[in-house]
Every structure is written in C-alpha cells, then in structure tokens.
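Single-letter residue listing:
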Amino acid sequence: MMLPSSPKRPNLFLRIPLVLCGVGIFFLIAQYSRPSEEQVAHMRLQKSVKLFTERKGVAVDRTNRWAQDENAAALGELIFHDARFSSNGEVSCATCHDPARAFTDGAKVAVGVGTGTRNTPTVLGAARQRWQTWDGRADTLWSQAAEPMEAGVEMNFDRVSAVQLVRNDPTLLAAYEAAFGEMPLGLPPVEFAERARPLRLDAAADDLSAAWDALVPSRREAMDAVFSRIVKSLGAFQRTLDAKPSRFDHYAKAIVDRDIEGAKSLSESEARGWIVFHEVAKCDQCHSGTEFTDGEFHNLGLPGADGRLPDDRGRHGAIPKLKVDPFSSAGLFSDDVDGKQATLVRGLKSDPETWGQMRTPSLRNVGRTAPYMHDGRFASLEDVIQFYDTLEGAIALDHHREAVLRPLGLSATQKADLIAFLRSLDSVEPIAAK
Amino acid sequence: MNRCIHLFFCLVAMQCLVACGGSSSIDTSWETAKSADGTYQVAWRVVGGLIPRADPFDVEIRILDAQGKPADVECTIDAEMPEHGHGMNVVAEMQRRGTGDFLAKGMLLHMPGRWSIMIDATHGAVTERAQFLYLMP
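Note that the coordinates shown come from a computational prediction; the quantities given were computed from them, not determined experimentally.

Draft legend 1. How the structure looks around the overall build of chain A. Helix and strand counts for chain A come out as 15 helices and two strands. Out of the 434 residues in chain A, the part that is buried amounts to 51%. For chain A, long-range pairs separated by at least 24 residues make up 71% of all intrachain contacts whose partners lie at least 6 apart in sequence.

Below, the structure is given as structure tokens:
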C-alpha cells in the first residue's frame, strides 16, 4: 500500500513486527467477538422464528365492500347458524363447521344433505387464505359461501329460496337492510315459489337449473345481486373467526426478546419439534409463512382407494370454474376486479401438472381438526407424520409428485417432537363459541 | 497507526456484510443480462424492490436492441424451479407501456429454492430468451 504522505518509510525490521502486531490484534478481536456455539444456535433460532412475531391482522378484502361492516357480519352470523338454508331444513354451515369442534365436524368426509368426498377444513383463519377449499375453487371468502349453500351434497339449497327466505323472515330482513339498505327487488315476496339455481360447472342439469334458465334475465340479475350480498355477509362474519395466537407464537416472541421465562411456553420436546419441522424435514418448504402454508397447490402422491391414481382432480378441476365464476375476484360481483387477486385468477394456468394437486393447508389449530388430508384418510397426526416419514404407498407421479418430498427416516423422538410442535400451534384463547 | 485504522474499517465493513446477509429478501433493482444470441439487453426489476415469498408481485422490464435503443419486441416472462420440475402456477399479465418497456403483473414464486426467471423477447418469428437465477430464501 502506497502511503504518499509519509516521507520516510520505516525499514523492514520495523515493518515486520508492525504487521505481526496488526494480525495479532485482528485474531484477538476476531476470537473475542466470535459467539459461542450456543449463541450461534440461539441467533439461528431467533432468525427462524422472527417471522411469527410479525404476524399481522387479517388483510383488507377489497373484493368485498362489506368485509369489515359489522352489520353485514351480524347478518352473516345469523345465516351461518340457520338450518333453514338447506333443502331438508337440517343443515347449516355450523353443522359441518361446528364452533365446538374448532369449526370442523370431526368426520372423515363431510355429511350434509348427502355425503361428500372431502374432509371439512376449519374456517378459523380462512380469511387469510388466497384460495378457499382444498382445490381452491373459490378465491374469496364470500364467494366460497355460495358453494355449499347450493351444492347438492351439502345444503342443497338454491338461490331463489335463499333470497326469498331473507326477504320473508323479519329478523333476517332487518339484518339485511341494516347492512345493505333496501332489497332491490321491487317484487312481492311470495312471487318466486319455485326453487331455482344456476347450473354448476361439472354438475348435471336438473329441474332447478331448468327453472333458473326459465327466469327472465332481469330477474336472474336481481336474484344474483341479492344473493351476492347474502354471501358477502357470510364473508364478513367469517373474517371475525381468525386463528388466534398459539403457544408457539408466544415462544417465538420470547425467543426474539431473549425472555427466558417466556420461552418456557413450549416444552423442550415442542421446541425441538420446531427444529425438526424447519431444519430437518423442511416442512416449511410448503407450510411456510406465519400461517404455515404457501397458499398454493401440491401433489403429495397420496394413493387412491386401490393404491392407484386417485380420482380427485384437485386443482385441475378448480381452475376452469374460477375462470368463469361471476363471484370470483375477477367476476361481475367483485368490488376489486383490477386487484392483485383478480390478476392472479386471470393468469391461472390449467397445466396437466395441476391434476390431483391440493392446497397446502394451514397448520394453525391442526391439533383440533382431525381427521387429516383432503379426504380425511389419516385419523391422527401420528398417521400424517408416518406418511411423510416413509412416503409408503405414495404414487410416483413422475414429475407430478413434488420433487421436494423424500422419505425422512426420522427417529422415534424426532417424530414425537414434531407432533408435539404441531400441537403447540393450536390457539391459546378458547375459540369463540359463536 | 494507519494499519489500525485499516483494520478498524475492515472490521466495520465485514460487520456490514454480515448484517446484510441476515435480511430475508434480496433487493433486485434492475438485473440485466444479454439474451441468448446476444441481440438484446434485457433488464428487469421488481416493483417495490423485493420478491416476496408466496405472494404476488409485479415486474418492470426494459429491452434494448444491439444499438442500445428500446427494442421493438413482444415480451413474455415465466419462472420455473429446475430442480423441482415445476414452474409458477400462474401466467403473468403482460402490459406494454412503450417500445421495449413492459410491466408484468401477477408473478408468484411460491416455494423456497432456485428459480429460473425467463424473459423472452420476440420480434417477428424469432424469440430470444434471457435467463436469470433467483434463490428464494
């Protein structure tokens, strides 16, 4: 290094000790400032859990102008629990999404007016999801609500009867008008005695769809307008059903704050379980972020009943529906057709790769939502972990199966720790018994 | 004395590097590369500066021709994970804002790992690709 200002350079004998001295100081400082192994581990842990201390509230839903309207939520709450919105008068949303069971039903597959093929997920925290249901065939919380109400095996109700019920019931009508103002039908309430609903994609035409087609377009439009508000009220209500903080969230905060007492909110086994989840099994390649989901779709290669390819098309069946759904974020009844969500819907690809893909479920409250997977095939978390550990029976779907999945070969302790960790994700506060 | 000062600055610099390594998203202000046959200079950056994990984002793209002028081309963008054998679940919506000036809306990289981002410039029947690697932490 040239030092132009120094007139005389120190001779070699002076420079060597100087350099040595410098190197010595460097190593001293380096040694002194190097953290111990334990400190390194703690710093790594802090970094890995920091995310959970930054969990925000439920994001604004611009596709539903009434998402945060209390009156709309109040109407939604009434409807959520009202079994009259079903063809046999016995099934409400709460039949399957039972508040006493963390808004699930505990059944392998859902049973409503008929028996379905999918397991009932919780609605706790659903407002945080980009796509609703296992295959994501609804892209907003409110549009999802239109599905079960009119699906044959769920509530088997219909659009005309739903509008009529709200219109004819004084309590429901008052709640509706408090939120949305006068019902814009201008028609006498008993006029539409006939049940009618639009034909769902992939469903067979029936009397109800024929009756819908027979309505004059202006009446269909009026029905759709009211029905869209009914489901938006269900969206507003379900927004209030968030997944509340878990013991793991408290632990994360304590770790970041270096609060030794607080860090005891997890047992040693639970805390080790996070390391297994995050570093060993790398479950958060898919179960990532504060909600433990990437919000997207994967095929785990779960075998069909006879060990062959499963019948459920999963994501592949959902995309065509989303593209034409008037209730999607990009559809006629959305209040944000130019938003991010609508852009995604328009950009969805219908690749063959999407066949059989299911949405990565959130793992919050997972201890309370057995049985597991889209078809409820696993009765316990032990069974789920056993699958991930060995991938036994998994179908090799060539490039279709996620290349990230490989047998883990965990020890018995690691499996127990992992399960203990998963159970620490249940919210601490009791779930609102609304 | 000078050496001590040097040492001090070295340590400070190292400290800064370590601190930077800790951030989970990488600033990708205008990445540039030549297209495969060297015809175009392709530059892109993320609106907002950062690629969020598993959340939608938009990308600005500028394409220059061999003379360094905005290229009169059509543009598409896609991303895939070479090791996983899959790509994005969506196609970005491409808006042309001017000659060689594009906005891709609705990109979504949903998994950690190596992503290959491919920007294609098409003039007539000829398409040239510029490729970028991005490591999602």
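Draft legend 2. View of the pattern of salt bridges. Residue and element names in this part refer to chain A. Under the defined criterion, the tally for this structure stands at 42 salt bridges over all chains. Ionic pairing is found between R128 and D242, a salt bridge with its closest N-O pair at 2.8 Å. Taken as a pair, R128 in the loop between α4 (93–96) and α5 (141–150) and D242 in the loop between α9 (217–239) and α10 (247–256) lie far apart in primary sequence, 114 residues in all. Judged by its relative accessible area of 23%, R128 falls in the partly exposed class. Linked through salt bridges whose partners overlap, the residues forming this network are R118, D135, R137, E147, R200, D312, K321 and D325.

Draft legend 3. Inspection of helix α6 (residues 159–168) of chain A at higher detail. Residues and elements named next belong to chain A. Of all 10 residues in α6, nine are buried; the element is thus mostly enclosed. Residues of α6 that are buried include every one of R159, V160, S161, A162, V163, Q164, L165, V166 and R167, and no others. For α6, the secondary structure elements touched by its buried residues are α5, α7 (170–180), α8 (207–214) and α9. Among the residues of α6, the N-terminal cap falls to D158, whose side-chain oxygen and the backbone nitrogen of V160 are separated by 3.3 Å.

Draft legend 4. Here's a closer look at the confidence of the model for chain B. Residues and elements named next belong to chain B. For chain B, per-residue confidence averages 82 on the pLDDT scale, and 80% of positions sit at 70 or higher. When the criterion is pLDDT under 50, residues 7–27 qualifies, and its contacts beyond four places in sequence or with other chains add up to 17 contacts. Quick note on the complex model: pTM equals 0.87, ipTM equals 0.73.

Draft legend 5. A look at the sheet that holds strand β2 (residues 41–46) of chain B. On the basis of which strands lie adjacent, the open sheet formed by five strands has the order β1-β2-β3-β7-β6 (chain B) and antiparallel pairing. The sheet terminates laterally at β1 (31–34) and β6 (93–98) of chain B, the two strands that pair on one side only. Strand after strand, the sheet turns through a mean of 20° between neighbouring axes, direction not considered. The sheet strands contacting helix α13 (residues 340–347) of chain A are β3 (57–64), β6 and β7 (101–107) of chain B, and the helix crosses β7 of chain B at an angle near 90°.

Draft legend 6. Just unusual backbone geometry, in detail. Residues and elements named next belong to chain A. Of the consecutive residues A370 and P371, the connecting peptide bond is found in the cis state with omega at -5°. Relative to the assigned elements, P371 resides in the loop between β2 (358–359) and α14 (381–390). Although it is not a glycine, K282 sits at a positive phi angle of roughly 50°. Turning to its location among the elements, K282 is positioned in the loop between α11 (268–280) and β1 (297–298).

Draft legend 7. The pairing of strand β9 (residues 126–136) of chain B, seen in detail. Where strand β8 (residues 113–123) of chain B lies against β9 of chain B, 11 bridges are found, and the strand directions are antiparallel. The residue of β9 of chain B that forms the bridge with A121 of chain B is E128 of chain B.

Draft legend 8. Main features of the state of the cysteines. Residues and elements named next belong to chain A. Enumeration over the complete set of coordinates arrives at zero disulfides over all chains. You can see C93 has no disulfide; the closest cysteine sulfur is in C96, sitting 8.7 Å from it. Classification of C93 as buried rests on a relative accessible area of 12%.

Draft legend 9. Representation of the pairing of β7 of chain B within the structure. Of all seven residues in β7 of chain B, six are buried; the element is thus mostly enclosed. A loop of two residues connects β6 of chain B with β7 of chain B, the two strands running antiparallel in sequence, and G100 of chain B in this loop sits at a positive phi of about 65°.

Draft legend 10. A look at the environment of R101 of chain A. All names here are of chain A. Structurally, R101 is set in the loop between α4 and α5. Residue class for R101 comes out partly exposed when judged on its relative accessible area of 44%. Contacts of R101, omitting those with residues within four sequence positions, involve G106 and R368.

Draft legend 11. Spotlight on the packing of aromatic side chains. Residues and elements named next belong to chain A. In the structure shown here, the tally under the stated rule is 24 aromatic pairs over all chains. An aromatic cluster is defined as three or more aromatic residues linked by ring pairs; in this entry it consists of F52, F248, Y251, W274, F277, F292 and F421. Above the plane of the ring of W212 lies R159, whose end atom (NZ or CZ) is 5.6 Å from the centre. A cation over an aromatic ring shows up here: R315 above the ring of W131, its NZ or CZ 4.5 Å from the ring centre.

Draft legend 12. Highlighting the sheet that holds β9 of chain B. Residues and elements named next belong to chain B. The antiparallel open sheet is built from four strands, whose spatial order is β5-β4-β8-β9. Edge strands, defined here as strands with exactly one partner in the open sheet, are β5 (86–87) and β9. One ladder, built from seven bridges, connects strand β4 (residues 74–81) with β8; its direction is antiparallel. Its bridge partner lying in β8, I77 is registered against I119.

Draft legend 13. Examining the domain arrangement of chain A more closely. Residue and element names in this part refer to chain A. The domain architecture assigned to chain A consists of domain 1 (51–58 + 245–423) and domain 2 (70–239). Here the C-alpha centre of domain 2 lies 27 Å away from the C-alpha centre of domain 1. Listed by partner, the interface residues are 40 residues for domain 1 and 39 residues for domain 2. Together domain 1 and domain 2 conceal approximately 3,300 Å² of surface at their shared face, both sides included; 55% is due to carbon and sulfur atoms. On the domain 1 side of the contact with domain 2, V58, F327 and R359 bury the most area, a combined 24% of that side's loss. Put simply, domain 1 and domain 2 have five salt bridges between them. In this structure, the salt-bridge partner of D335 is K232, at a minimum N-O distance of 3.0 Å. Remark: the boundary between domain 1 and domain 2 carries 17 residue pairs in polar contact (both at pLDDT 80 or more). For the side of domain 1 that touches domain 2, the elements supplying multiple residues, two or more each, are α12 (315–324), α13 and β2. The element best represented in the side of domain 1 that touches domain 2 is α12, accounting for five residues. Its residues assigned to classes, the side of domain 1 that touches domain 2 shows 15 nonpolar, 11 polar and 14 charged.

Draft legend 14. Representation of the nonpolar core. In terms of nonpolar packing, the biggest core is built from 47 residues, with I79, F80, F85, M149, Y176 and F227 of chain A touching the most fellow members. Sorting the residues of this core by element identifies α3 (70–80), α4, α5, α6, α7, α8 and α9 of chain A as the ones contributing at least two each. Sorting elements by how many residues they give to this core places α9 of chain A first, with eight residues. Non-local contacts of I79 of chain A, meaning those with residues more than four positions away in its chain, are made with F85, M149, L172, I230, S233 and L234 of chain A. If you look at the next biggest cluster of nonpolar residues, it comprises 42 residues, including V404 of chain A together with M111, A121 and F132 of chain B.

The rules behind these values
- Residues numbered from 1 in each chain as written.
- Chains lettered and ligands numbered in written order.
- Predicted model: local features only at pLDDT ≥ 70, side-chain atom pairs only at ≥ 80, totals over all residues.
- Heavy atoms only, no water.
- Helix = DSSP H or I, 4+ residues; strand = E, 2+ residues; numbered from the N terminus.
- Buried < 20%, exposed > 50% of the residue type's maximum accessible area, 1.4 Å probe, protein only.
- Contact = heavy atoms within 4.5 Å.
- Salt bridge = Lys/Arg side-chain N within 4 Å of Asp/Glu carboxyl O.
- Polar contact = N/O pair within 3.5 Å; in protein donor to acceptor, adjacent residues only side chain to side chain.
- pLDDT = per-residue confidence, 0-100.
- Pairing = 2+ DSSP bridges.
- Axes fitted to C-alpha atoms, helices over the stretch in contact; angles between N-to-C directions.
- Disulfide = S-S within 2.5 Å.
- Phe/Tyr/Trp six-rings, centres within 6.5 Å; stacked < 30°, edge-to-face > 60°.
- Lys NZ or Arg CZ within 6 Å of the ring centre and 35° of its normal.
- Domains from an automatic or database assignment.
- Buried area = accessible area lost by both parts, 1.4 Å probe.
- Nonpolar A, V, L, I, M, F, W, Y, C, P; charged D, E, K, R; others polar.
- Core = buried A, V, L, I, M, F, W, Y, C linked by side-chain atoms within 4.5 Å.

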